Amino acid sequence: MIATLRREPAAALLAGVAAAGLAVLIVYPLGSVLREAVVGEGGFDPEPLTRVLTNPVTRQIVVNTLVMGVLAGTGATLLGFALALTTARVARGRSRTGLHYIAMLPLVAPPFALALSTIFLFGRQGLVTRQLLGLEVSPYGLGGLLFVQVITFSPVAYLIFDALVRQLDPALEEAALNLGASRVRILRTVIVPLLRPGFAGAFLIIFVESLADLANPLLIGGDFNVLASSVYLAIIGEYDTRKAVGFSVVLLMPSLLAFFAQRIWVGEGNVVTVTGKPSTGRVQVFDPAVRVPLLAISVVTAILVLALYAAVVAGAFTKLLGINNTLTLDNFRFVLQGIGTRAMTDTTLLSAMAAPVAALAGLMVAYLVVRTRIPGRVVFDYVLMLGAAAPGIVLGLGILLAFNHPPLLLTGTAAIFVIAFTVRTAPVALRGCTAALMQIDPSLEHASANLGAGAVTTFRRVTLPLVRRAVLSGVIYSFTRNMTTLSTIALLVSPNWRIMTAQILNEIDSQRLGSGAAYSTILIVIVLVTIVLLQRLFGRATIEVAA
Amino acid sequence: MKLRAGMFVAILLVLGACGGAGDPGAGAPATASAPGAAAQPQGCGPKGSGSLTILGTPQEEYVQGVTKTFEAECGIKMSYVRLSSGEALAKLRADKANPQFSVWWGGPADSFIAANKEGLLEPYVPKGVEKIPAQYRDANGVWTGIYVGALGLAVNTKVLREKNLPEPTSWADLVKPIYKGQISIAHPASSGTSYTMMATQMFLNNKDIEKGFAYMKQFHQNVLQYQKAGAAPARQAGQGEVAIGVVFSHDTVAAIEGGFKDLKVVFPSEGTGYEIGGMALVKGASDPVAAKTFMDWAITAKAQELAPTYKAYQIPTNADAKVSDKSVKLATVKTVTYDFQWAGDNKKVLIDRFSNEVAPQPR
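Within each chain, residue numbers correspond to sequence positions counted from 1 in written order. Just so you know, chain letters begin at A and ligand numbers begin at 1, following the order they were written in. Predicted model: local features are reported for residues with pLDDT of at least 70 only, side-chain atom pairs are reported and counted for 80 or more only, and whole-chain, interface and lining totals are derived from all residues.

Chemist: So what's going on with the overall build of chain A? Residues and values would help.
Modeler: Only DSSP runs of H or I reaching four residues or more are called helices, and only runs of E reaching two or more are called strands; each is numbered from the N terminus. Helix and strand counts for chain A come out as 25 helices and six strands. The quantity called the radius of gyration is restricted to C-alpha atoms. Its globule counterpart is 2.2 Å times the number of residues to the power 0.38. For 547 residues, the compact-globule estimate of 2.2 N^0.38 gives 24 Å, and the C-alpha radius of gyration of chain A, at 24 Å, lies within 12% of that figure. Judged by the C-alpha coordinates and their principal axes, chain A covers about 75 × 70 × 50 Å. Using C-beta atoms placed from the backbone, we call a residue buried if 20 or more other C-beta atoms fall within 10 Å of its own, exposed if 12 or fewer do, and partly exposed for counts in between. Residues counted as buried form 53% of the 547 residues belonging to chain A. Residue pairs at least 24 apart in sequence account for 80% of intrachain contacts in chain A once pairs closer than 6 positions are excluded. We call two residues in contact whenever the C-beta atoms placed from their backbones are within 7 Å.

Given below as structure tokens:
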């Protein structure tokens, strides 16, 4: 360390800042959760953990959580795969572009939006199920939950497969074709095996996301209790921190395991690099045996996604969609004359404050890991990644436990939200910046140093311009994610700062679905407008990376 | 793209229209309070720091309306958070070291008694309390009643007709298998409404907890799903998702006013439970002066008469306050003898038992 200090003083300073930041903002909060779980009044006492694992009621919650994660992971991965194959090999021209955007649309859905419209369309009094088909189905429970999660998380799989399918060399398929293989057989023996890392990666990422999902289990889970909602209810309903940490630690384990398994397995390979290599051969269009089912799945999905979005907007502009379809602005009036206006400005302000901080934190750690030779630098990477690996509700609980008392009494301040948003979104900036830095030949920086520029000047004049795009996409990702996250901030709400997603939860708790839809519509518009504006300002590529 | 832009313009128009409509109302208090303390409107006490944060438990329109009116009348800047009783109690517990709220306003008094047991409240007897009958307030000034409400069933007559089900008239009817999946109620841990219902079953069985729980277990078999907010089941019944919601009758009246015309209120024939909506000063309140000014104001007849304006049809506790025609006439409804002290003292035990023994039962 001392040798490093002498050789790279700037790097050592940076490492010091990063170490302090990570220790206070990530290690301390998550450590607080772990400590509370195993330390009782009389010393070591893992009672919260044993209670969760031995009580039959809570054990069922653990089982439910894992079942949900595995099924949602499988379903969303397969759907994303089908959509990616369709855009790459079946759809053409405008329909391809249209499907591409529709496939990614659920990314901008705030929590609740899709569950809310599922209730509007497929609920007990749903427009489609009850009014149109006369069926009586209840969406509350595992079925409805999976329906919403598969649609919500399918873009994650879609983006992974979209990138991978484009990288597939059509020459391989052509070779198989020439050897007499059928299209179905090519799909089975050539394409699917080549995409195997994609399946593993997508499944694991979605498994983690599904476990961390708080909004959908609360709204549409019915009696199907899962760990994330149990943590939430233990705090919000009882403020029983021992109970909450018990659920949290049990939830943390499979999440971390799956997350880091994914990283080790798939590694940095999921970052798309531009090779500049011209694509050889003709892109193959499938024959009907493959094309028809793929098209059917894609068309049904596209219609569903569009209908769900339309239902949110329709729900916002009607008295009560399905019961009383009179057009009205009452919902918007209630939202905007109430807390809504403040929630809009507060949430946008806090999200915008945290976004650059998150991107710079990601850049700082990426730089430390890729460009310096600080011993043990890879630890920085892993610790910051915990922000994305830990479920949002666990992170939020840690922040609540850590900063609810002196020396760092932050509850009720803006700082606590900025911390939560930053920790949650910096890992994505870290990945983007790491990939960008690895693509830049260090000789550029060496040249600058040889010409007499100091480390700071080199970073500012050479490195920073080259990673600018990655940093920008980190900012955009962070902003949109901050606007739409619920799980991370659900336990931190206070009268001083209003968060839109928390207000939506509040509306839906009181069964004011119309106001919930109005809030969701406003949130979707803010996110879309931001993306479109930034797209205009910085070009399309930035957004693609961010998404 | 065009469509997206069109939607954006539409939203802007909506925002503009609503903002415009809201402005005159929002502007008024600012001018009213501009002259400062010298021009303080009649009936308002000292302003303290000039701002106040309250924890409100009744339905949101009511909390929002009351805080807005108080802000306009007394020039104290208000902010609020609405939480159901159980959540409010949990929040006070969480914030104990650093209280975020000065007043807890509304929700059944049982929760105030439970909060006081945990040392979360500070006694304060509001000025003019003699207008509130003694049975509607705590003798030691820990909490003061601001309204009274009775439990009732929110019955969707259209759903019952469609399903060929008879109208339920009693608590005993609610455990009949014909209503399986047709009843909605909140979870008593989060909702004071739901806890009032559970305590009512105990009182109907002369505080025999075993018999009370035997009923709750049967009742559980018919519940579709436990909601979080107490009034939510009225709207759920209104939307036809279930036939029956167990709520306070004023919440059903509000839902009918809000457009759920198929609903009607039914009071169970064995006798129904009721609530006294409490109000209390939070211990360690950051602004006790403004808090007391608000509490003095909140028990006045004038303040309580505001309630129906915000679709809150509880019965006012102030003897001088006019009662809305839409409020239930308590004298005409058969009620149980509701022991608030007992309900408050036993709240934690009963809810733990419900959470462990009743809610997880398969059905």
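Chemist: Describe the environment of Val370(A), and please don't skip the residues or the numbers.
Modeler: Residue and element names in this part refer to chain A. Residue placement: valine 370 occurs in helix 17 (residues 340-371). Distance in space between the C-alpha atoms of valine 370 and alanine 435 is 9.3 Å, their sequence separation being 65 residues. Beyond its immediate chain neighbours, meaning those up to four positions away, valine 370 contacts Thr434, Leu437 and Met438.

Chemist: Give me the nonpolar core: which residues, what numbers.
Modeler: By definition, a nonpolar core groups buried Ala, Val, Leu, Ile, Met, Phe, Trp, Tyr and Cys residues that connect through C-beta atoms lying within 7 Å of each other. In this structure, Val231(A) and Val103(B) are the most contacted members of the largest nonpolar core, which totals 290 residues. Among residues more than four places away in sequence, those in contact with Val231(A) are Ala244(A), Phe247(A), Ser248(A), Leu251(A), Ile393(A), Val394(A) and Leu397(A).

Chemist: Describe the packing of helix 23 (residues 500-509) of chain A against helix 24 (residues 513-538) of chain A, naming the residues involved and giving the relevant values.
Modeler: Residues and elements named next belong to chain A. Lines are fitted to the C-alpha atoms to define the axes, a helix being fitted only along its stretch in contact, and any angle between axes, read from their N-to-C directions, falls within 0 to 180 degrees. Helix 24 packs onto helix 23 with a crossing angle of 160° between their chain directions and a minimal axis gap of 8 Å. Between helix 23 and helix 24, the angle falls in the class roughly antiparallel. As for the relative orientation of helix 23 and helix 24, their crossing is left-handed in sense. When helix 23 is examined against helix 24, the residues Met500, Gln503, Ile504, Glu507 and Ile508 are found in contact with a partner set consisting of Leu513, Ser515, Gly516, Tyr519, Ser520 and Leu523. All amino acids are sorted into three groups, where Ala, Val, Leu, Ile, Met, Phe, Trp, Tyr, Cys and Pro are nonpolar, Asp, Glu, Lys and Arg are charged, and the leftover types, Gly among them, are polar. A per-class count over the contact of helix 23 with helix 24 returns six nonpolar, four polar and one charged. Angles below 35 degrees are treated as roughly parallel, those above 145 as roughly antiparallel, those between 65 and 115 as roughly perpendicular, and all remaining angles as oblique. Handedness of a helix crossing follows the sense of rotation of the near helix relative to the far helix, less than a right angle counterclockwise being left-handed and clockwise being right-handed.

Chemist: Break down the confidence of the model for chain A for me, with residues and values.
Modeler: Residues and elements named next belong to chain A. Residue-level confidence of the predictor is what pLDDT reports, using numbers from 0 through 100. Counting all residues, the mean pLDDT for chain A is 87, and 93% of those residues have values of 70 or more. Mean pLDDT values over the elements of chain A span from 47, in helix 25 (residues 540-546), up to 95, in helix 19 (residues 392-402). Here residues 268-278 is modelled with pLDDT under 50, and outside its nearest four sequence neighbours on either side it reaches eight contacts, counting other chains as well. In the model, residues 541-547 has pLDDT below 50 throughout and makes 17 contacts with residues more than four positions away in sequence or in other chains.

Chemist: Quick one: what's the story with the environment of Ala502(A), residue by residue and with numbers?
Modeler: Residue and element names in this part refer to chain A. Here alanine 502 shows up in helix 23. Remark: the alpha-carbon pair of alanine 502 and alanine 490, spanning twelve residues in sequence, is separated by 6.3 Å. Setting aside residues up to four positions removed in sequence, alanine 502 forms contacts with Leu486, Ile489, Ala490 and Val493.

Chemist: How would you sum up the pairing of strand 2 (residues 77-82) of chain B? Please name residues and give values.
Modeler: Consecutive residues of a regular strand have side chains that alternate between opposite faces of the sheet. Residues and elements named next belong to chain B. DSSP bridges decide pairing: two strands pair if at least two such bridges lie between them. The pairing of strand 1 (residues 51-56) with strand 2 spans six bridges and is classified as parallel. Its bridge partner lying in strand 2, serine 51 is registered against lysine 77. Where the polypeptide runs from strand 1 across helix 2 (residues 60-74) and back to strand 2, its parallel neighbour, the crossover connection is right-handed. Classification remark: right-handed applies to a crossover when, strands pointing away from the viewer, the course from the first strand over the helix to the second runs clockwise.

Chemist: An account of unusual backbone geometry is needed here, citing residue identities and associated values.
Modeler: Following Pro406(A), the chain continues into Pro407(A) via a peptide bond in cis, with omega recorded as 10°. Relative to the helices and strands, Pro407(A) resides in the loop between strand 5 (404-405) and strand 6 (408-409). Positive phi, close to 60°, is recorded for Asn164(B), a residue that is not glycine. For Asn164(B), the position within the fold is in the loop between helix 5 (157-163) and strand 6 (183-186). On the neighbour-count criterion, Asn164(B) (7 C-beta atoms within 10 Å) is exposed.

Chemist: Describe the interface of chain A and chain B, listing the residues and the values that go with them.
Modeler: A common way to state how big an interface is: give the accessible area lost once the parts meet. On the side of chain B, 40 residues touch chain A, which itself brings 34 residues to the contact. Counting residues per element, the ones that place at least two in the side of chain A that touches chain B are helix 13 (227-238), strand 3 (318-320), helix 16 (330-337), helix 23 and helix 24 of chain A. Per-element accounting of the side of chain A that touches chain B gives the leading share, four residues, to helix 16 of chain A. Taken together, the residues of the side of chain A that touches chain B sort by class into 14 nonpolar, 14 polar and six charged.

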